[in-house]
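Coordinate analysis (summary)
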Amino acid sequence: MTALSAHSAPDAPAPAKTSLLGLTRAQLGDALRTLDLPEREVRMRVNQLWNWIYFHGVRDFDAMLNVSKVLRGRLAEKFTLARPEVVSEQVSTDGTRKWLIRMPPVDAKDKGAEIECVYIPESDRGTLCVSSQVGCTLTCTFCHTGTQKLVRNLTTQEIVSQLVVAREKLGDFPGLTPPDDGIVPTGEGVRAVSNIVFMGMGEPLYNLDNVCDALAIMSDGDGLSLSKRRITVSTSGVVPQIGELGERSGAMLAISLHAVRDDLRDKLVPLNKKYDIAELLQACRDYPGASNARRITFEYVMLKGVNDSDADARELVRLLKGIPAKINLIPFNPWPGAPYECSDWARIEKFSDIVFNAGYASPVRTPRGRDILAACGQLKSETEKLRARARLAAD
């Protein structure tokens, strides 16, 4: 083996290229300026790249046929269109899909965040449940994700990339073939992903800037082109940011409510100790754009003997008076060690009848993906737990 001379050193690793996937229009412009393009050309090139990245979903700069070969080469030298790594894909018996996605490291200390997102197909739509944080800072006692500590916020790129990965996996970009399983919606003018819900890992309003930037990319008509009325952001009740979300994004709002009394909600959703029910509902009344055509969704998980009485249903109706609302009743999805049980079906139906007869839509959400821990409140990566067990076994 040849020894290194006193004046030589190992070759330094080449710096990682920046992926353009998930950048805003302004960020794409800044990236192009590093290539010393004339300012008058930057806007045109941004529009071209935007269309190729977000409408066509291309993976290679050479596919950008209306961009000069010289510029394509310069782009490839400095940038990539890389997606995050899909570590695993699980498919439920009901067609629900859950992906464990590993993001590239954002700095020297980051080992690459792992998050989960879920796709729920229905006959007339396909809904993608995206994550906004790695882990969660909240400790809602009925939610499996809440047992996982917060690691960090996801960047705008990392949020958008979940949608791009899902659309690729589902054949939802031009020229791609959807899975031949008869479950993913297909057909002329049908999109596999038609709806987005920020109901995955994390509290979106604690990452508001990145969530709003991601919403702008997702709803841009020249790219991913999702209607803002089909994008819903769910919050456990971060009251100061609710109005700002509506003003900046125009997204639909969902409230993770789950109780009609402060003493109970303090236990189920500890954030309630900071922003109580009265403050939360006032923020809903003031939400920009809320109307009968743009109703606020109130999520209410049904916990046996905890929050499912007739009196609870009547109080829920009273509390929501004057708010354009619909109420999603969610049968509790058990997970190992959960401290609650799901309400009996007859009790759920009685609760629903009381709410419905008061004039509110009160659909009971059908549990989806329970067999792969992809249902509401179950989302939590088991990867770190498995790795910890492996390390213990090796010691």
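Residues numbered from 1 in each chain as written. Predicted model: local features only at pLDDT ≥ 70, side-chain atom pairs only at ≥ 80, totals over all residues. Heavy atoms only, no water.

**With respect to the packing of helix α1 (residues 25-33) against helix α2 (residues 39-56)**
Convention followed: Note on geometry: axes are lines fitted to C-alpha atoms, helical ones only across the stretch in contact, with angles between N-to-C directions running from 0 to 180 degrees. Going along the chain from the N terminus, every DSSP run of H or I of four or more residues is numbered as a helix, and every run of E of two or more is numbered as a strand. Each angle receives one of four descriptions, namely roughly parallel if under 35 degrees, roughly antiparallel if over 145, roughly perpendicular if within 65 to 115, and oblique otherwise. Crossings are sorted by hand: turned counterclockwise from the far helix by less than a right angle, the near helix makes the crossing left-handed, and turned clockwise it makes it right-handed. We call two residues in contact when some of their heavy atoms are within 4.5 Å. All amino acids are sorted into three groups, where Ala, Val, Leu, Ile, Met, Phe, Trp, Tyr, Cys and Pro are nonpolar, Asp, Glu, Lys and Arg are charged, and the leftover types, Gly among them, are polar.
The geometry of α1 relative to α2 is characterised by a closest axis approach of 9 Å and an angle of 120 degrees between their N-to-C directions. When the axes of α1 and α2 are compared, the pair comes out oblique. Between α1 and α2 lies a crossing of right-handed hand. The residues of α2 that touch α1, namely those facing Arg25, Leu28, Gly29, Leu32 and Arg33, are Glu39, Val42, Arg45, Val46, Asn47, Leu49, Trp50 and Ile53. Residues of the contact of α1 with α2, tallied by class, amount to 7 nonpolar, 2 polar and 4 charged.

**A few points about helix α4 (residues 156-169)**
Residues that lie three or four places apart on an α-helix share one face, since the helix turns once every 3.6 residues. To be explicit about the condition: To estimate how far a helix should extend, the number of its residues minus one is multiplied by 1.5 Å. Exposure classes here rest on a 1.4 Å probe applied to the protein chains alone. A residue is buried below 20% of its type maximum, exposed above 50%, and partly exposed in between.
Here α4 contains 14 residues, and its C-alpha end-to-end distance of 20 Å stays within 8% of the 20 Å for a straight helix at 1.5 Å per residue. With 12 of 14 residues buried, α4 lies mostly within the body of the structure. Restricting attention to buried positions, one finds in α4 the residues Thr156, Glu158, Ile159, Val160, Ser161, Gln162, Leu163, Val164, Val165, Ala166, Arg167 and Glu168. The first or second residue beyond α4 is Gly171, which carries a positive phi of 65 degrees.

**Here we look at the sheet that holds strand β9 (residues 195-198)**
Let me state the cut-off plainly: Here, a strand pair is defined by DSSP locating no fewer than two bridges between the strands.
Within the open sheet, the 9 strands sit side by side as β3-β4-β5-β6-β9-β10-β11-β12-β13. Their pairing is mixed. Looking at strand neighbours, the two that pair on one side only are β3 (85-91) and β13 (325-331), the edges of this open sheet. Each strand axis lies, on average, 20 degrees off the axis of its neighbour in the sheet, ignoring direction. By the bridge criterion, 3 bridges tie β9 to strand β10 (residues 231-235) in an arrangement that is parallel. Directly across from Ile196, in β10, lies its bridge partner Ile231. α4 rests against β3, β4 (97-102), β5 (114-121), β6 (126-129) and β9 of the sheet, and its axis sits at about 130 degrees to β4.

**Remarks on the pattern of salt bridges**
Note the following rule: Here, a salt bridge means any Lys or Arg side-chain nitrogen found within 4 Å of an Asp or Glu carboxyl oxygen.
In this structure the tally under the stated criterion is 23 salt bridges. Two residues, Arg248 and Glu244, come together in a salt bridge whose shortest N-O distance is 2.9 Å. Separated by 4 residues within a single helix, Arg248 and Glu244 lie in helix α6 (residues 239-249), roughly one turn from each other. With a closest N to O distance of 3.1 Å, Asp263 and Arg261 form a salt bridge. Given a relative accessible area of 36%, Arg261 falls into the partly exposed group.

**Description of the packing of helix α5 (residues 208-219) against α6**
Orientation of α5 relative to α6, taken along the N-to-C sense of each, is 25 degrees, at an axis distance of 10 Å. Looking at the two axes, α5 sits roughly parallel to α6. Note that α5 runs across α6; the crossing there is right-handed. Contacts from Leu208, Asp209, Cys212 and Leu215 of α5 reach α6 at Gln241, Glu244, Leu245, Arg248 and Ser249. Taken together, the residues of the contact of α5 with α6 sort by class into 4 nonpolar, 2 polar and 3 charged.

**Side note on the side chain of Arg83**
So the rule is basically this: In the analysis that follows, any N or O atom pair within 3.5 Å is treated as a polar contact, provided that within protein one partner can donate a hydrogen and the other can accept it, and provided that, for residues neighboring in sequence, both atoms belong to side chains.
Relative to the helices and strands, Arg83 is located in the loop between β2 (79-80) and β3. A polar contact of 3.3 Å, which involves the side chain of Arg83, links it to the backbone oxygen of Val58. Of the polar contacts made by the side chain of Arg83, one reaches the backbone oxygen of Leu81; its length is 2.6 Å. Ignoring anything within four residues of it in the chain, the contact list for Arg83 reads Leu21, Gly57, Val58, Arg59, Val164, Val165 and Glu168.

**Overview of the packing of aromatic side chains**
The criterion, for reference: The rule is short: rings of Phe, Tyr and Trp, with Trp giving its six-membered ring, pair when the centres are within 6.5 Å, and they are stacked under 30 degrees, edge-to-face over 60, tilted in between. The rule for a charge over a ring is simple: NZ of Lys or CZ of Arg within 6 Å of the ring centre, and within 35 degrees of the ring normal.
For the structure shown, the criterion picks out 3 aromatic pairs. Aromatic side chains Phe332 and Tyr340 sit 6.3 Å apart centroid to centroid with 85 degrees between the ring planes, which places their arrangement in the edge-to-face category. Note on Tyr340: relative accessible area 18%, which makes it buried. The ring centre of Trp50 lies 4.5 Å from the NZ or CZ of Arg25, which sits over that ring.

Without other data, these values stay purely geometric and don't point to any function.
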